[in-house]
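Residues per chain, in single letters:
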Amino acid sequence: MLSIKPSFRSLSLLSPPPPPQPPPSLFPTSKPTTISIRTHLFIKSQSATATKKQLIPKTNPDNTTQRPPLSNSHVLKVAIIGFGNFGQFLAKTLVAQGHTVLAHSRTDHSLEAHSLGVSFFLDPHDLCEQHPDVILLCTSIISTEKVLKSLPLQRFKRNTLFVDVLSVKEFAKNLLLDLLPSDFDIICSHPMFGPQSAKLGWDGLHFVYEKVRIGNEESRVTRCKSFLDVFAREGCKMVELSCHEHDKYAAGSQFITHTVGRVLEMLSLESTPINTKGYESLLGLVENTAEDSFDLYYGLFMYNKNALEMLERLDLAFEALRKQLFGRLHDVVRKQLFGNEERGQFSQVDHANMHTYGAAFLSAPEAERFQGAAQPYEYKAKTSNCINDNSKLKIAIVGFGNFGQFLAKTLVRQGHTVLAYSRSDYSDEAQKLGVSYFSDANDLCEEHPEVILLCTSILSTENVLKSLPVQRLKRSTLFVDVLSVKEFPRNLFLQHLPPDFDILCTHPMFGPESGKNGWNHLPFLFDKVRVGSDERRVSRCDRFLDIFAREGCRMVEMSCSEHDWHAAGSQFITHTMGRILEKLGLESTPINTKGYETLLNLVENTAGDSFDLYYGLFMYNVNAMEQLERLDLAFESLKKQLFGRLHGVLRKQLFENEEKSQVLREESLVSKVSQDDAALAYVLDSVQNN
């Protein structure tokens, strides 16, 4: 569905115009030149830390923070222009530090100002006549130019310091330089946080700034330092960076973060009983970005010339991932169709395989999807922390790769006897873990393990299961899988295992990376597909589940069909976003936001898994195709929102220019006609007089 239209590519040359007066030409004839990164990047976290140590806040019994008072030379009179959420957010800290704060906004926020200890002015003339030291522009990107032009600049003191806090910086810098008198000082800044991300304080958060124009007089230099100290005192990481560099980094971090957050918001993601850490981070990202208006997001796109390139790269990455998935799917379909052609017709087994293995083709009706689905509940271990001999199990791990070894460590530590078998030779790894390794599956089965724990990949599970000499096992052996999809192994076990064997389908919602610091509170899902009713078999199943309950896992009993429905909306979406972002080659920047750190961590966690695992989530979950289509539609919808607005701006500009040109042509014609008439009248007068 996603495609790169010619018009979309041609817009990569666009230099977005700041409304309401865009530049005459939107389409430069040549691409913007690449500007190299400045070498003098200053991250002044040391000075910020030093300042913070000297100013340790004290807390009253009522939990209000008291800071050491500022000296008179550091107290500023700050006028906030634009007293919405962000203006009020900054005002709280300015007042708490002892600065005098004034405010003006087109909307009446006098009550909010009064509650914060701020003087509010409805008339900008009245505010300007108070002669503030600093004008702090907290307007939206789209309204900044209009607001700035409306201020009676002549009423300010000469050399007043103007500061903006916009999320794009080159636009703000050019605007301030164009509209402000040359006497005024200018700082372009960007607090890389807001009311939501900084609700627990500003410590460690980035504050980016460029001293665009500061006079040489000591008083002006001191005033600039005093303003920057507002943020340094709160523990911000002070980063001095050119506006050009900021916008380049921000397009790859802030704009992408907001784009991903808004796409996921359109999916209406909800918490599930089987949330993974990665999915929790995506839910948090949606919550943080949803707080911001679309105007803010549109401003990141419209006024950062690097944003369009990042949007196109994201589009291409999504398309490349879809091609990978459907390329494999095409091979599977072709192989099956040609194989069936050779056999002459589809057999009943073929139809069963299409349902069991070709899950990406199908979407089960909702009534079938939840038929027999158990309500999730907390499973509590009934045994003590000390394992006695009666609780110990002999467990054979089939598939001794990374995940098999990961589980084996805990099984051995708890005192269980662990055997292992794999097509690859892992005898050395097994010996280090205290596990008995078998290179022949017959030898393993003849040891009569109580539990067969399948830790194979999704794609190889069927072949491995068929290759096991199950006739050498004891009757009623318990088979357990740990695959990331559940309906597929459930159907596979029921189809291929003798009816005497017990079946437990499970999914530890963690792995070697997310579970490296322990399994406490991590979800472990299970479905007792088939467990005999006699006490010995029930006890064996409970003892196996106790392995995970003892480690503190959150035990959730849920049907395989319900698991797959939840997993498609959480696990599959999480891995999909991680792999799309991996294709972008995202890197850490000097101005990482918390949201961008979330994306970097997501890429790191998902990149560790093989593509086969991700492909299995798609191929063997009947709900995955629907989720991929919804993600596709959400991204397309967001692009339409962005380009719909952009189209409006272009159309307005083109028609306005055409109308202006027409008026000029008409005025010129009228002027020419008037001149011709005057000349003709002069000639006639001359003739008549003569």
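Described below are features of the structure shown in this document.

About the cut-offs
Residues numbered from 1 in each chain as written. Predicted model: local features only at pLDDT ≥ 70, side-chain atom pairs only at ≥ 80, totals over all residues. Heavy atoms only, no water. Helix = DSSP H or I, 4+ residues; strand = E, 2+ residues; numbered from the N terminus. Contact = heavy atoms within 4.5 Å. Areas by Shrake-Rupley, 256 points an atom, 1.4 Å probe, with all protein chains shown as cover. Expected span 1.5 Å × (residues − 1). Buried < 20%, exposed > 50% of the residue type's maximum accessible area, 1.4 Å probe, protein only.

Summing up its helical and strand segments, the protein has 24 helices and 20 strands in all. Residue pairs in contact within the protein that sit at least 24 positions apart in sequence constitute 76% of those at least 6 positions apart. Summing over all exposed atoms, the protein offers an accessible surface of approximately 33,500 Å²; the carbon and sulfur share of this is 50%.

Every α-helix carries 3.6 residues per turn, so stepping three or four residues along brings you back to the same face. With 16 residues, helix H20 (residues 535–550) should cover 22 Å at 1.5 Å per step; its first-to-last C-alpha distance of 21 Å lies within 8% of that length. Most of H20 is tucked away: 12 of the 16 residues are buried. Looking at H20, one finds that the buried residues are Arg537, Arg540, Cys541, Asp542, Arg543, Phe544, Leu545, Asp546, Ile547, Phe548, Ala549 and Arg550.

The next point concerns the environment of Glu626. As for its position among the elements, Glu626 is in helix H24 (residues 624–689). Relative accessible area serves as the criterion here: at 40%, Glu626 is assigned to the partly exposed category. Sequence separation between Glu626 and Ala568 is 58 residues, and the spatial gap between their C-alpha atoms is 8.5 Å.

Even without glycine at this site, Asn159 takes up a positive phi of about 65 degrees. Among the secondary structure elements, Asn159 is positioned in the loop between helix H6 (144–150) and strand E8 (161–164). For Asn159, a relative accessible area of 26% corresponds to the partly exposed category. With phi around 55 degrees, Ser268 is a residue other than glycine that occupies positive phi space. Structurally, Ser268 is set in the loop between helix H9 (243–266) and helix H10 (277–290).

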